[in-house]
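Examination of the molecular architecture
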Amino acid sequence: QVTLRAGAELDAHQVNQYTLILRAACPGEDEVEGQLFVRVTAGQVLRCDTPFASAEGDVVQVLADVAPRTPLYAVLLQPLGGLMGFPSLSFLQFRLRNRNTPLTLTRRGLVLAPDNGFDPSKDTQTFRLEIEVMDRHGHNCSGAVRVEVLPSRRPRITFPELHWAVTVTGGIGPLEVVTQAHARGDNVRYAILAPVAPALFTIDEVTGVIRSTRRLEGIHAQLLIRAYNALHPNDHATATVNVTVQGTDRQAPRCVPAIVVSQVPETVSPGTTLETLRCTDSTSTDRCLHYALEGPPFFRSHFCMEGPQLKVNTSLDYDSEAMAALGFQFTATIVVTVGGQPLQITRVPVLVTVTPVNEFRPACPNSATFTVPETAAFGSVVGRVAGTDRDYPPDSLEYSVEGGSGPAQPFSIDRHTGEIRVVGSLDAQQQKSYRLVVRLTDTHNDLDLRKRQSRLCDVSVRLQAVLNQLPVCIPEVQELQITAGSPGSRQPVTRLVCHSSPDNAVLTYTIVGGNEDGRFRLEGNTLVYLPNGRAEPRTFVLLVEVWSGSGAHRRSSTVALVVHVTPWSTPVPPSTTTQHTMPQKEPLVVMQTEAVWHPPAWFVAVLTISGALLLVTLGCVAWNLL
């Protein structure tokens, strides 16, 4: 019995036949030798790649700070036996044999990091995954991969001080800075874990600056601060902050509203009151309160304080570049003090938004006269009506033609750009100029979209007459010699070179004579011969009409083509008689030009009616006489 050795792998592409020499002997007899031929044929065998399929399995090392669900390993397969290439992943199934692992195996054979990442606080961790791969035919292979998680090399999130205390004297107002948290590490973010309610303090997520959320006085709070890595939230540290806000003998003023938010149109008059603060102090009267503006000079030049009233100092121009640079918003702070004491201060933030008002009508351009040739194609640009508008955003206009486009108005205008285009036929003999009434309407210049202004502009379009000349072909008479090809083929003969005025006129070519049996045809300006297998030579005299334009503008010329066609194969019968060759005569081409008068349609109608009236009149006279 001959068996395959354990661990042996067969590959029909490398060795497809083995020759085994067998020797056998019985006691007292001679030894017998024979051969056994083993043929190896290619088959679909699913094989996992090494070293994944080895007994030890493959090894992959990753750092503990790798992001959650990061691909760590991909199960690879060897090419299928007998096939070129690798099996499609869509027909493979990957299954984990051991379930006690936080790693994830996808349907594509990818090993992913845990959903919450690895624990960076632990030392080197090792995970072994036993994976089985099976295709849709039941072929399978298996292997193992060992994932070694190494300690992270990046710095851990730590606080230099785990506990510190802050004392604020005299009370604090809303959004005032109390202290700032500092932590070491990468991508540090901050959050307050406790107390959750009431939320007396807030922390900037990036800078760690802790601010008050309201006016605080005479309180004590313990804050639990967490610092964490934004990319690896499991890397975090906590610290405790004791905040003490002492009371004051005299409280700062209390103002209503605590924040001033106002929206005013740009046409508001100087001296208009935007807001009146109602501020009180527990130990003094309102006469001891002082109001002042803090903010950019641009704000203080446009607004002012008269006692507790915030007023407009100068006109607000929404349409200026300086206003646009500010985003049409002013920010400042109203500082309220008691008796000028700096420790008894209340700050009221101010936000003023300026809204647009549609003040100006659109303006027509200085010159709106355009010239276009009468041969302009459909869609050609005639010119652009450049209207203007002083409201912001500048020149935001829509364009329209009064009455729309039609046979009497062969032009249209682009709604957004103001470009005038040709949308109909033009004839300088019928009409030499057109007058268009273009309406300019402004857009996005007022909060109320119904408040739009418009203006009508006169636009003149003049037609430029174009002299239509007869098409010219070079040469006008051609004599050509060709040898006919095989029947059913297509054989180009010559290409007509013609031009017309204007240069952009489209020329049309038509065979009008000499093509009795249809052996020739025109493909554009190329003459093509269609062989029919006739054995005798033949000469064709073709007349080709070249014309441009239509109707009364049609101009045409005629080109003469003399084509000598020689058969592609002429059988010669066996004969002893002497053949006499007659000299071929030169064809005589006669050019005749006929003048054709095409009367206009109105002339034919008038002539017909006049003839009918004449016949009726003669009939009546004959009736009276007879």
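Residues numbered from 1 in each chain as written. Predicted model: local features only at pLDDT ≥ 70, side-chain atom pairs only at ≥ 80, totals over all residues. Heavy atoms only, no water.

Identification of the chain as CDHR4 protein from Vireo altiloquus is taken from an unreviewed UniProt entry. According to its UniProt record, the chain has this under Subcellular location (unreviewed entry): "Membrane". (UniProt positions renumbered as here; feature names shortened; annotations may be inferred.)

This part takes up the environment of L77. By the element assignment, L77 lies in the loop between β4 (71-74) and β5 (92-96). Taking relative accessible area as the criterion, L77 reaches 9% and is therefore assigned buried. When the C-alpha positions of L77 and C141 are compared, they lie 9.1 Å apart, and in sequence the two are 64 residues distant. (Helix = DSSP H or I, 4+ residues; strand = E, 2+ residues; numbered from the N terminus. Buried < 20%, exposed > 50% of the residue type's maximum accessible area, 1.4 Å probe, protein only.)

A complete count under the given rule lists 16 salt bridges for this structure. Of the charged contacts, one joins R156 and D235 as a salt bridge, the two residues approaching to 3.0 Å between their closest N and O atoms. Within this pair, whereas R156 is found in the loop between β9 (140-150) and β10 (163-168), its partner D235 is found in the loop between β15 (219-229) and β16 (236-245), the two being separated by 79 residues in sequence. A residue is classified by how much of its surface remains accessible, and R156, at 36% relative accessible area, is partly exposed. (Salt bridge = Lys/Arg side-chain N within 4 Å of Asp/Glu carboxyl O.)

Attention shifts here to the sheet that holds strand β22 (residues 303-306). Reading across from one edge, β19-β23-β22 is the order of the three strands in this open sheet, with antiparallel pairing throughout. The open sheet has two free edges, formed respectively by β19 (273-276) and β22, since each of these has just one partner strand. If you compare each strand with its neighbour and ignore which way they point, the axes differ by 25 degrees on average. Of the pairings in the sheet, the one linking β19 to strand β23 (residues 309-312) comprises three bridges and is antiparallel in character. Paired with T273 across the strands is K311, a residue of β23. (Pairing = 2+ DSSP bridges. Axes fitted to C-alpha atoms, helices over the stretch in contact; angles between N-to-C directions.)

Attention shifts here to a nonpolar patch on the surface. Side chains of V2, L4, L10, V15, Y18, L22, L36 and V38 sit close together on the surface and give an oily, nonpolar patch of about 620 Å² of accessible area. Counting residues per element, the ones that place at least two in the nonpolar patch are β1 (17-24) and β2 (32-39). Topologically, V15 is positioned in the segment before β1. A relative accessible area of 32% means that V15 is categorised as partly exposed. (Patch = residues over 30% accessible without salt bridge, like charges linked within 9 Å, V, L, I, M, F, W, Y side chains within 5 Å. Areas by Shrake-Rupley, 256 points an atom, 1.4 Å probe, with all protein chains shown as cover.)

Quick look at the sheet that holds strand β34 (residues 477-483) now. The four strands lie next to each other as β34-β41-β40-β37, forming an open sheet whose pairing is mixed. What marks the edges here is a single partner per strand, and that holds for β34 and β37 (508-513). Mean inter-strand twist for the sheet, computed between neighbouring axes without regard to direction, equals 30 degrees. Bridge analysis of β34 against strand β41 (residues 555-566) gives seven bridges, and the strand direction is parallel. Residue pairing for β41: I482 is matched across the bridge by V565.

Before going further, it helps to spend a moment on the nonpolar core. With 28 residues, the main nonpolar core has F303 and I334 as its most contacted residues. Those elements giving two or more residues to this core turn out to be β18 (260-265), β21 (289-294), β22, β23, β24 (329-338) and β25 (341-355). Core analysis: the next-biggest nonpolar cluster, separate from the first, contains 27 residues, F52, V60, L77 and L129 among them. (Core = buried A, V, L, I, M, F, W, Y, C linked by side-chain atoms within 4.5 Å.)

Turning to the packing of aromatic side chains, a few remarks are in order. For the structure on display, the rule yields 14 aromatic pairs. When the centroid spacing of 5.0 Å and the interplanar angle of 75 degrees are considered together, the rings of F520 and F540 count as edge-to-face. With F520 in strand β38 (residues 520-523) and F540 in strand β40 (residues 538-548), the pair connects residues that are 20 residues apart, well separated along the chain. On the accessibility criterion, F540 (4% relative accessible area) is buried. On the numbers, 6.1 Å between centres and 90 degrees between planes, the contact of W602 with F603 is edge-to-face. Residue class for W602 comes out exposed when judged on its relative accessible area of 58%. (Phe/Tyr/Trp six-rings, centres within 6.5 Å; stacked < 30°, edge-to-face > 60°.)

Bringing the state of the cysteines into the picture now. Where two cysteines share a covalent bond between their sulfur atoms, that bond is called a disulfide. All chains considered together, the criterion is met by four disulfides. There is a disulfide in this structure between C48 and C141, and the S-S distance comes to 1.9 Å. Taking the sign of the S-S torsion, 75 degrees for the link of C48 and C141, the bridge is right-handed. On the criterion of sequence distance, the pair formed by C48 in the loop between β2 and β3 (58-63) and C141 in strand β9 is long-range, its members being 93 residues apart. Like C48, the residue C141 is buried in the burial classification. Residue pairing for C255: its cysteine sulfur links by disulfide to C279, the two sulfurs lying 2.1 Å apart. Note on the C255 and C279 pair: the S-S dihedral is about 115 degrees, so by sign convention the disulfide is right-handed. (Disulfide = S-S within 2.5 Å.)

The end-to-end C-alpha separation of helix α3 (residues 601-625) is 37 Å, in line with the 36 Å expected for 25 residues at 1.5 Å each. Buried residues are scarce in α3, accounting for zero of its 25 residues. (Expected span 1.5 Å × (residues − 1).)

Another aspect to go through is the side chain of S262. Mapped onto the elements, S262 comes out in strand β18. With relative accessibility at 12%, the residue S262 sits in the buried group. With sequence-adjacent residues up to four places away left out, S262 is seen in contact with L274, L351, V352 and T353. (Contact = heavy atoms within 4.5 Å.)

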